[in-house]
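Letter by letter, the chains look like this.
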Amino acid sequence: MKFSEQSEAKIKEALTHYPTRQAAILPVFWIAQEEFGWISPEVMELIAMRLDLSPAHVYGVATFYSMLYKKPVGKYHLQLC
C-alpha cells in the first residue's frame, strides 16, 4: 500500500506549513482518508512510516478524532448531534 502521486504531492505541500512532522499529522490523515475512504490499520502504518512517527502515536491520534473513519463508510455519511 502506498500513496498516489497526487496524495504524495499534497503531503509534501502540507509538510511545508508545519514546524514538525508530528504537527502535520491531521492534514495527512485527511489526505489519506480522501484517497482510501477510511483509515484502516494499514493506512495508519503507512502514515507512521511516511511521517517517521511511532505507529502507537498515529493510532492514538486516529482513535481520538471521531471524524476520522476507522471503518468503511457509505457514499453519504450523516452525523447528528
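Look a little higher up for the structure.
Rules behind the numbers
Residues numbered from 1 in each chain as written. Predicted model: local features only at pLDDT ≥ 70, side-chain atom pairs only at ≥ 80, totals over all residues. Heavy atoms only, no water. Buried < 20%, exposed > 50% of the residue type's maximum accessible area, 1.4 Å probe, protein only. Helix = DSSP H or I, 4+ residues; strand = E, 2+ residues; numbered from the N terminus. Arc of directions from axis to C-beta. Axes fitted to C-alpha atoms, helices over the stretch in contact; angles between N-to-C directions. Parallel < 35°, antiparallel > 145°, perpendicular 65-115°, else oblique. Left-handed = near helix turned anticlockwise from the far one by under 90°. Contact = heavy atoms within 4.5 Å. Nonpolar A, V, L, I, M, F, W, Y, C, P; charged D, E, K, R; others polar.

Q: Would you mind showing me how to read helix H4 (residues 55–64) here?
A: Every α-helix carries 3.6 residues per turn, so stepping three or four residues along brings you back to the same face. Of all the positions in H4, only Val58, Val61 and Ala62 are classed as buried. One face of H4 carries all of its buried residues, which in axial projection span an arc of 100°. Of the residues in H4, the exposed ones pointing more than 90 degrees away from the buried face are Ala56 and Phe64.

Q: Is there a simple way to explain unusual backbone geometry in this structure?
A: The phi torsion of most residues other than glycine is negative, and most of the peptide bonds are trans. In this structure, aspartate 52 takes a positive phi of about 60° despite not being glycine. Within the fold, aspartate 52 resides in the loop between helix H3 (41–51) and H4.

Q: I'm lost on the packing of helix H1 (residues 5–15) against helix H2 (residues 25–36) in this one. Help?
A: Two numbers describe a pair of packed helices, the interaxial angle and the distance between the axes. At a minimum axis distance of 10 Å, the contact between H1 and H2 shows a crossing angle of 170°. It follows that H1 is roughly antiparallel to H2 by the angle criterion. With respect to the hand of their crossing, H1 and H2 are arranged in right-handed fashion. When H1 is examined against H2, the residues Ser7, Lys10, Ile11 and Ala14 are found in contact with a partner set consisting of Pro27, Val28, Ile31, Glu34 and Glu35. Residues of the contact of H1 with H2, tallied by class, amount to five nonpolar, one polar and three charged.

Q: I tried to follow the packing of H2 against H4 on my own but got confused; where do I start?
A: Where H2 meets H4, the closest approach of the two axes is 11 Å, and the angle between their N-to-C directions is 75°. Taken together, H2 and H4 sit at an angle that is classed as roughly perpendicular. Of H4, the residues touching H2 (which contributes Ile25, Leu26 and Phe29) are His57, Val58, Val61 and Ala62. Tallied by class, the residues present in the contact of H2 with H4 amount to six nonpolar, one polar and no charged.

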